[in-house]
Amino acid sequence: MVKNLRKLRLRMGVSQQQLADVIGTSQQSINKYENHNVEPDIAALVKLADYFGVSLDDLVGRAPAADRRLPEDLELSREETALVRDYRTLSKEEKSSILLVLKNYLRNRKKPPEP
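Every chain begins its residue count from 1, and numbering advances along the sequence as written. Confidence filtering applies because this is a predicted model: local features only for residues at pLDDT of at least 70, side-chain atom pairs given and counted only at 80 or more, and all residues used for totals across whole chains, interfaces and linings. Only hydrogens and water are removed before side-chain values are computed, so all heavy atoms of the structure are retained for them.

**Q** So, the overall build of the chain: which residues are in play, and what are the values?
**A** Scanning the chain from terminus to terminus reveals seven helices and zero strands. Per the convention used, a helix needs a DSSP run of H or I reaching at least four residues, while a strand needs a run of E reaching at least two, with both numbered from the N terminus. Moving toward the C terminus, one meets the helices and strands of the chain in the order α-α-α-α-α-α-α. Summary of the burial criterion: residues with accessible area below 20% of their type's maximum are buried, those above 50% are exposed, and those between are partly exposed, where the area comes from a 1.4 Å probe applied to protein chains only. Out of the 115 residues belonging to the chain, those deemed buried represent 17%. For this analysis, residues touch if any pair of their heavy atoms sits within 4.5 Å. Taking the intrachain contacts of the chain between residues at least 6 apart in sequence as the baseline, contacts between residues at least 24 apart amount to 49%.

**Q** Before we move on, could you go through the confidence of the model for the chain and cite the residues and values that matter?
**A** Within the chain, residue pLDDT values average 85, and 85% of them lie at 70 or more. The lowest-confidence element of the chain is helix α6 (residues 78-88), averaging 85 in pLDDT; the highest-confidence one is helix α2 (residues 16-23), averaging 95. Per-residue confidence from the predictor is reported as pLDDT, a score between 0 and 100.

**Q** Go over the nonpolar core with me, naming the residues and quoting the values.
**A** If you look at the biggest cluster of nonpolar residues, it comprises 15 residues, and the most contacted ones within it are L5, L19, I30, Y33, L48, F52 and L59. For this core, the element with the most residues is helix α4 (residues 42-52), which contributes five residues. Side-chain atoms within 4.5 Å link the members of a nonpolar core, which is a set of buried Ala, Val, Leu, Ile, Met, Phe, Trp, Tyr and Cys residues.

**Q** Give a description of the pattern of salt bridges that names residues and reports values.
**A** Take a side-chain nitrogen of Lys or Arg and a carboxyl oxygen of Asp or Glu: if they are within 4 Å of each other, that pair is a salt bridge. Enumeration according to the criterion identifies three salt bridges in this entry. As a salt-bridge pair, E34 and R6 come within 3.8 Å of each other at their nearest N and O atoms. One end of the pair, E34, is in helix α3 (residues 27-34); the other, R6, is in helix α1 (residues 5-12), and 28 residues separate them in sequence. On the accessibility criterion, R6 (46% relative accessible area) is partly exposed. Across the pair D57 and R62 runs a salt bridge, and its minimum N-O distance is 3.3 Å. Assessed through its relative accessible area of 42%, R62 is described here as partly exposed.

**Q** Break down the packing of aromatic side chains for me, with residues and values.
**A** Between two aromatic rings, the relevant description is the distance of the centres plus the angle of the planes. The aromatic pairing rule takes the rings of Phe, Tyr and Trp, using the six-membered ring of Trp, and pairs them if the centres are within 6.5 Å, calling planes under 30 degrees apart stacked, those over 60 edge-to-face and the rest tilted. Tallied over the entire structure, the rule returns one aromatic pair. Centroid distance Y51 to F52: 5.0 Å. Interplanar angle 80°. Geometry classified as edge-to-face. We classify F52 as buried; its relative accessible area is 10%.

**Q** Report on a nonpolar patch on the surface, specifying residues and quantitative values.
**A** Exposure above 30% relative accessible area and the absence of a salt bridge qualify a residue for a patch, where like charges join within 9 Å and nonpolar side chains (Val, Leu, Ile, Met, Phe, Trp, Tyr) within 5 Å. In these tables, accessible area is a Shrake-Rupley quantity obtained with a 1.4 Å probe, and a residue counts as shielded only by the protein chains included in the view. Judged by side-chain polarity, L99, L102, Y105 and L106 come together as a nonpolar surface patch covering roughly 360 Å² of accessible area. Judged by its relative accessible area of 36%, L99 falls in the partly exposed class.

**Q** Provide a residue-level description of α1, including the pertinent values.
**A** Among the residues of α1, L5, L8 and R9 are the ones counted as buried. With its buried residues spanning 100° around the axis, α1 presents them on a single face. At the exit of α1 stands G13, carrying a positive phi of roughly 70°. To be clear, the arc concerns the directions from the helix axis to the C-beta atoms.

**Q** Residues and numbers for the packing of α1 against α3, please.
**A** Note on definitions: angles span 0 to 180 degrees between N-to-C directions of axes, and those axes are lines fitted to C-alpha atoms, for helices only across the stretch in contact. Contact pair α1 / α3: the axes reach a minimum separation of 8 Å and the direction vectors enclose 120°. By the angle class used here, α1 and α3 are oblique. Residue-level inspection shows L5, R6 and R9 of α1 in contact with α3, the latter providing I30, Y33 and E34. Polar here means any residue other than Ala, Val, Leu, Ile, Met, Phe, Trp, Tyr, Cys and Pro, which are nonpolar, and Asp, Glu, Lys and Arg, which are charged; Gly is therefore polar. Taken together, the residues that form the contact of α1 with α3 break down as three nonpolar, no polar and three charged. Orientation categories follow fixed angle ranges, with anything under 35 degrees roughly parallel, anything over 145 roughly antiparallel, 65 to 115 roughly perpendicular, and all other angles oblique.

Here is the structure:
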């Protein structure tokens, strides 16, 4: 659903036909996108977002990441956030190694101590 297409188009003072010409589609398609009768394909969404200088999230009206917060009991501390950020920079192999170590640690931690 392209919730913000009409608003963005009107803000820029562009007609449906002018927008259609820019992204290589028909005026009727733009009309259908705006009225939610037809969903544009991903290629058209990218062209629209690029034309208006917005993200795909902004174009389709998806809430920014800051608005999609974790439940309170899952809020991350500053240290946890830094760990996640660092983890995301690792290669696929490094991530696999870290996950294996963590899973083994957690599995072994749950076992009762031996007498």
